[in-house]
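# Reading the structure
Below, each chain spelled out in residue letters.
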Amino acid sequence: MKTAHPGDVLLGAQAGAIVLPVCDHYSGVEARMKKSLALQADMAEEFGACVFDVTLDCEDGAPVGGEAEHAALVTELALGAKPGMRVGVRVHPVDHPAFPGDVMTIAGRAAGSLSHLMVPKVESIADVLQAVAALDAVDAEALPLHVLIESPLAVHNAFEIAAHPRVQSLSFGLMDFVSAHAGAIPADGMGAIGQFVHPLVVRAKLAIASAAHAYGKVPSHCVVTEFSDIDAMRAAAKKAATLFGYTRMWSIHPNQIRPILDAFAPDEAQIDVATRILLAAVGADWAPVSFEGALHDRASYRHFWQVLARAHATGRALPSEAQAWFAGPAS
């Protein structure tokens, strides 16, 4: 009799069914976009998996007056990406004059080559519905939406936004969020340290993470602008992963990618414990087991399965018994 796969047994309504790479790397200038795609392919070969997304940027990357040309450029880059890579595009906000053209050009031509479409400055479910309608109009019904939460109102509406079935991930837009407070949050609230201290920023981060997890979606942490300070980057990524409930983070410089992977990846001890507990669970046909003096059942098995899924997604070495669970489809 075939042993049930952990992914079939454990991923129920209470667990996040969406697993994305832990790093989402942004670039908008042509040369940097091309370098990002080349680096993605190189690291996929190194790790044996596509360990970070590349999101090509139209919002901040497109020159004013050149939005249509930039949309055409990112479309060609997405279509030319190496097979198996995850490439998304950030378009303009739904109320920007360039938004319809972005969707028509990018999603209309390259939806099948894209992993997601990022929509910035989403304030309410109405913005999500407008984006979905635009995608559906160009036959891109299967393209997932990622959304940027960038204002106090958007944070207030985060749970309703996260509930929409097309929304796959919620990202926190730190810089715009701070700026939306008319100087009430000091500038250091945008820094690598201050963003984890100021109460309004901390409250927003926690609300977005909670909204995402409530609906099984992926919370994506904001940028660290001090891209030359690797220690600050590493510390911020670790806080986002261990204290704030985020399972994904933005990179805006190639130097930030590996620190994010390291911070969000389980270590060898966590992988070992997760593997041994799940092997014991399999041996007990998923009934409760005692492991090193503690009782475990399906509630905790789900956590340890997610540890292994994260390890696999970040290219970490797995014991052969655990690696076999990722060799093919769950069913």
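Located above this text is the structure these notes cover.
## Quick word on the packing of aromatic side chains
Any aromatic ring pair is given by two values, namely how distant the centres are and how the planes are angled relative to each other. Using the criterion set out here, one finds six aromatic pairs in the structure. Between Phe196 and Phe244, the ring centres sit 5.3 Å apart and the planes meet at 65 degrees, which makes this aromatic pair edge-to-face. Taken together, the positions of Phe196 in the loop between helix H8 (174–179) and helix H9 (199–214) and Phe244 in the loop between helix H10 (230–242) and strand E8 (248–251) put the pair 48 residues apart, joining distant regions of the chain. Comparing Phe196 with Phe244 shows no difference in burial state: the two are buried. Centroid distance Trp305 to Trp325: 6.1 Å. Interplanar angle 75 degrees. Geometry classified as edge-to-face. With Trp305 in helix H13 (residues 298–313) and Trp325 in the segment after helix H14 (320–323), this residue pair connects regions lying 20 residues apart in the sequence. Here the aromatic cluster, defined as three or more aromatic residues joined through ring pairs, consists of Trp305, Trp325 and Phe326.

## Points about the sheet that holds strand E6 (residues 167–172)
The parallel closed barrel is built from eight strands, whose spatial order is E1-E2-E3-E4-E5-E6-E7-E8. Ignoring which end each strand starts from, the neighbouring axes of this sheet average 25 degrees apart. As judged from the four bridges shared by strand E2 (residues 52–57) and strand E3 (residues 87–90), these two strands associate in the parallel manner. For Thr55, the partnering residue across the bridge sits in E3 and is Gly88. Where helix H11 (residues 257–264) meets the sheet, its contacts fall on strand E1 (23–27), E2 and E8, and the angle it forms with E8 comes to roughly 170 degrees.

## Looking at the pattern of salt bridges
In total, this model carries 17 salt bridges according to the counting rule given. Put simply, Arg86 and Asp53 hold a salt bridge, and the shortest N to O gap is 2.6 Å. Placement of Arg86 in the loop between helix H3 (67–79) and E3 and of Asp53 in strand E2 is noted, with a sequence separation of 33 residues between them. Asp53 sits in the buried class, given a relative accessible area of 0%. A salt bridge links Lys121 to Glu150, with the shortest nitrogen-to-oxygen separation between them at 3.8 Å. A residue pair is termed long-range when its members are at least 10 positions apart, and Lys121 in the loop between strand E4 (116–119) and helix H5 (125–137) and Glu150 in the loop between strand E5 (145–149) and helix H6 (152–156) qualify at 29 residues. When its relative accessible area of 34% is taken as the criterion, Lys121 is described as partly exposed. The exposure class assigned to Glu150 is buried, which follows from its relative accessible area of 6%. Taken together, the shared-partner salt bridges connect Asp57, Glu59, Asp60, Arg90, Lys121, Glu150 and Asp176 into one network.

Conventions used here
- Residues numbered from 1 in each chain as written.
- Predicted model: local features only at pLDDT ≥ 70, side-chain atom pairs only at ≥ 80, totals over all residues.
- Heavy atoms only, no water.
- Phe/Tyr/Trp six-rings, centres within 6.5 Å; stacked < 30°, edge-to-face > 60°.
- Helix = DSSP H or I, 4+ residues; strand = E, 2+ residues; numbered from the N terminus.
- Buried < 20%, exposed > 50% of the residue type's maximum accessible area, 1.4 Å probe, protein only.
- Pairing = 2+ DSSP bridges.
- Axes fitted to C-alpha atoms, helices over the stretch in contact; angles between N-to-C directions.
- Contact = heavy atoms within 4.5 Å.
- Salt bridge = Lys/Arg side-chain N within 4 Å of Asp/Glu carboxyl O.

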